[in-house]
Amino acid sequence: MASEQKERILRFYRGSEGEETAVRLLDLAETVVKTRKFRISPFLDPYGQEIAETIRASYDDLQLDFDGGYQGAERARAMLRHRDFAGRTEDFGIACVEATWNGQFARLTHRDVLGAVMGLGIEREMIGDILPASDAAKILCEAKIAPFLIENLTMIGAVGVKTVPAELTEVAPREERTKEIRATVASLRLDSIVAAGFGISRSRAADDITADKVKHNWQSAASASKTVKEGDVLSMRGRGRVEVTEVRGQTKKGRTVVVLHRFF
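Below you will find a few notes about this structure. (Residues numbered from 1 in each chain as written. Predicted model: local features only at pLDDT ≥ 70, side-chain atom pairs only at ≥ 80, totals over all residues. Heavy atoms only, no water.)

Some words on the side chain of His 82
Summarising the element assignment, His 82 is placed in strand E3 (residues 76–82). Taking the relative accessible area as the measure of exposure, His 82 reaches 1% and is therefore buried. Side-chain polar atoms of His 82 contact the backbone nitrogen of Asp 84, separated by 3.0 Å. The contact partners of His 82, leaving out residues within four places of it in the chain, are Val 32, Val 33, Arg 36, Lys 37, Asp 61 and Gln 63. (Helix = DSSP H or I, 4+ residues; strand = E, 2+ residues; numbered from the N terminus. Buried < 20%, exposed > 50% of the residue type's maximum accessible area, 1.4 Å probe, protein only. Polar contact = N/O pair within 3.5 Å; in protein donor to acceptor, adjacent residues only side chain to side chain. Contact = heavy atoms within 4.5 Å.)

Pasting the structure below:
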């Protein structure tokens, strides 16, 4: 890839949450082109996966695949592969471990599990999806850290847990409940759409945005006044996410009609 194309990508993401990811993926891409082999990224959120797609499109010889360890995974590792590489590349280096506890006395959330894992000194990029249930949680991770997790993840908060290996084949495909929401909003401001999508007041939505509880297209939502468009995805900590499916124009009173899909 010409240096000016690389610089254009870096300039686009510079100063954004995606800058570090773009730099790392560009380094991996250039290594693949030089070695004519393949490289695998850390776990990427959907925004990181979009960056990987952007970079792949800038390299004629680069192929790209994603795997998060099970069907429908939100976080996934990217495999950047040279088109001339003829070796086997099915293994993305993903493992699953399962932490179990007594569900009669404690209910642990995704946030609890993630906090305990990162409290062991493990970086977020080494962890994929975390799938909690009433008395257990499956943790997708880089295979190289699975033994460390199994040995050291003995407590989540004040709750004792037992952590054992689990097969990736035991992880059920992701099934999300969805609800269609048709609403009229004063404008396409972020706080208006968040309020309509999550069933809260506009002032509460603005407060949550300010408190960095809301992501807009997988990035921190910097301002409640930001304009939302069709196809955007909004997520709120602990409440799921909302996709702006359609913007249908305005009513006679000047309000905007939107169709939203909320994922639980």
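A look at the layout of surface pockets
Volume-wise, the largest pocket comes out at about 1900 Å³. As for the largest pocket, its lining consists of 46 residues, and the residues nearest its centre are Glu 74, Arg 75, His 110, Arg 124 and Trp 218. Of all the secondary-structure elements, those providing two or more residues to the lining of the largest pocket are helix H2 (19–35), strand E1 (38–44), helix H3 (46–56), helix H4 (110–118), strand E5 (127–132), strand E13 (233–236) and strand E14 (240–250). Here the element with the most residues in the lining of the largest pocket is E5; it accounts for five residues. Of the residues in the lining of the largest pocket, the class split is 17 nonpolar, nine polar and 20 charged. (1 Å grid on protein atoms, 1.4 Å probe; cavity = no way out; pocket = protein on both sides within 12 Å on 5 of 7 lines; lining within 4 Å. Points joined across faces, edges and corners; volume = space filled by probe spheres on them. Nonpolar A, V, L, I, M, F, W, Y, C, P; charged D, E, K, R; others polar.)

With respect to helix H6 (residues 190–198)
Taking burial as the measure, the nine residues of H6 include eight buried ones, the bulk of the element. Restricting attention to buried positions, one finds in H6 the residues Leu 190, Asp 191, Ser 192, Ile 193, Val 194, Ala 195, Gly 197 and Phe 198. If you follow the buried residues of H6, they end up packed against strand E10 (178–185), helix H7 (202–210), strand E11 (214–216), E13, E14 and strand E15 (256–263). Gly 199 sits one or two residues past H6 and shows a positive phi near 65 degrees.

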